[in-house]
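So the chains spell out like this:
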Amino acid sequence: MKTLQWTLTIIKPDAVRKHGIGDIIEQFEKNGFRILCMKMLEISKHQAEQFYAVHAGKAFFNSLTDFMSSGPIVVLALEKENAIADLRKLMGATNPANAEEGTIRKKWATSIELNAIHGSDAEDSARFELSYFFAGYELAQ
Ligand code: GDP
C-alpha cells in the first residue's frame, strides 16, 4: 500500500564542500520528492551528538559528530509516497563501496563516514528528525 510520507534528509558537510548541493537537490526533484522546507545551517558538536544520540557509545560516534559539526549542512523536509524507503534507495548504501550505480552516495560519498547524505530510516526517526530541525509552523501546509 502506498502512503504519503515525510522524511528528513541532510546534505552533509563533505557534499556541501564538494559543491554537491544543486545536483543532490535535483535528484530529489527528479525522483518525485516534493520539498516542503529547507535550510542551510551549521550545527555544534553538542547538537550533532543529540541528533545522532542513537549511535552514542559506538566507535565512530566521536568522529561522526566532529564531522557533522565541521561545516555547513543543508536540511530538507521531503514529501512523497513511501518517501522514507524511496529516499534510502536513492541515497545508496552507507558504505559507498557498496552503493549502487546511480545513487547519491555512489556519486558524492568519499568514505563510510563522509558519505554525503543522511535520510531518516523509519517513521519514528523521521518524526524525531523533522522536529529536531523544523518547527511546526515551518511544515504547516
Ligand atoms: P545511514 O543510516 O546509512 O546514514 O547509516 P547509520 O545510521 O548506520 O550511521 C550513521 C552515520 O554514521 C553514517 O551515515 C556514517 O556517516 C557514519 N557511520 C556509520 N557506520 C560507520 C562506520 O563503521 N565507521 C565510521 N567512521 N562512520 C560510520
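So, here's what we can say about the structure.

Attention now moves to the packing of aromatic side chains. Tallying each qualifying case throughout the model produces six aromatic pairs. Between Tyr 132 and Phe 133, the aromatic rings sit 5.3 Å apart at their centres with planes inclined by 80 degrees, giving edge-to-face as the arrangement. Residue Phe 133 is classed as buried on the basis of its relative accessible area of 7%. The lysine or arginine in question, Lys 80, covers the ring of Phe 33, its NZ or CZ lying 5.6 Å from the ring centre.

What follows deals with the pairing of strand S3 (residues 73-81). Most of S3 is tucked away, with eight of its nine residues classed as buried. Bridge count between strand S1 (residues 4-11) and S3: eight bridges; the pairing is antiparallel. In the sheet register, Thr 9 faces S3, and the bridge partner there is Leu 76. In this structure, strand S2 (residues 34-41) lies alongside S3, joined through seven bridges in antiparallel fashion.

Relative to the helices and strands, Thr 103 resides in the loop between helix H5 (83-91) and helix H6 (104-108). From its side chain, Thr 103 meets the backbone nitrogen of Lys 106 in a polar contact 3.2 Å long. Every residue in contact with Thr 103, bar those within four places of it in the chain, is listed here: Lys 89, Leu 90, Met 91 and Gly 92.

For the rest of this paragraph, the subject is the site of the ligand. By nearness alone, every residue bordering the ligand is listed as Lys 12, Tyr 52, His 55, Phe 60, Leu 64, Arg 88, Thr 94, Arg 105, Ile 112, Glu 113 and Asn 115. Backbone polar atom of Glu 113 to an oxygen atom of the ligand: 2.9 Å apart, as the coordinates give it. Contact with the protein chains hides 77% of the accessible area of the ligand, taken as 550 Å² for the molecule alone. For the shell around the ligand, the class distribution of residues is four nonpolar, three polar and four charged.

Evaluation of the coordinates by the stated rule reveals six salt bridges. For Arg 34, the salt bridge is made with Glu 79, and the minimal N-O distance between the two is 2.9 Å. In this pair, Arg 34 is assigned in strand S2 and Glu 79 in strand S3, connecting sequence segments 45 residues apart. Under the relative-accessibility criterion, Arg 34 is labelled partly exposed at 40%. Between Asp 66 and Lys 45 there is a salt bridge, with the nearest N and O atoms lying 3.0 Å from each other. Of this pair, Asp 66 sits in helix H4 (residues 61-68) while Lys 45 is found in helix H3 (residues 45-51), placing the two residues 21 residues apart along the sequence. The exposure class of Asp 66 is partly exposed, given its relative accessible area of 40%. Exposure remark for Lys 45: the relative accessible area of 24% places this residue in the partly exposed category.

For the rest of this paragraph, the subject is unusual backbone geometry. Unlike most non-glycine residues, His 19 shows phi in positive territory, near 60 degrees. You can see His 19 is positioned in the loop between helix H1 (13-17) and helix H2 (21-30). For Asn 82, which is not glycine, the phi dihedral falls at a positive 55 degrees. Of note, Asn 82 is situated in the loop between S3 and H5. Take Asn 82: its relative accessible area is 26%, and that puts it in the partly exposed class.

Calculation criteria
Residues numbered from 1 in each chain as written. Predicted model: local features only at pLDDT ≥ 70, side-chain atom pairs only at ≥ 80, totals over all residues. Heavy atoms only, no water. Phe/Tyr/Trp six-rings, centres within 6.5 Å; stacked < 30°, edge-to-face > 60°. Buried < 20%, exposed > 50% of the residue type's maximum accessible area, 1.4 Å probe, protein only. Lys NZ or Arg CZ within 6 Å of the ring centre and 35° of its normal. Helix = DSSP H or I, 4+ residues; strand = E, 2+ residues; numbered from the N terminus. Pairing = 2+ DSSP bridges. Polar contact = N/O pair within 3.5 Å; in protein donor to acceptor, adjacent residues only side chain to side chain. Contact = heavy atoms within 4.5 Å. Near = heavy atom within 4 Å. Areas by Shrake-Rupley, 256 points an atom, 1.4 Å probe, with all protein chains shown as cover. Nonpolar A, V, L, I, M, F, W, Y, C, P; charged D, E, K, R; others polar. Salt bridge = Lys/Arg side-chain N within 4 Å of Asp/Glu carboxyl O.

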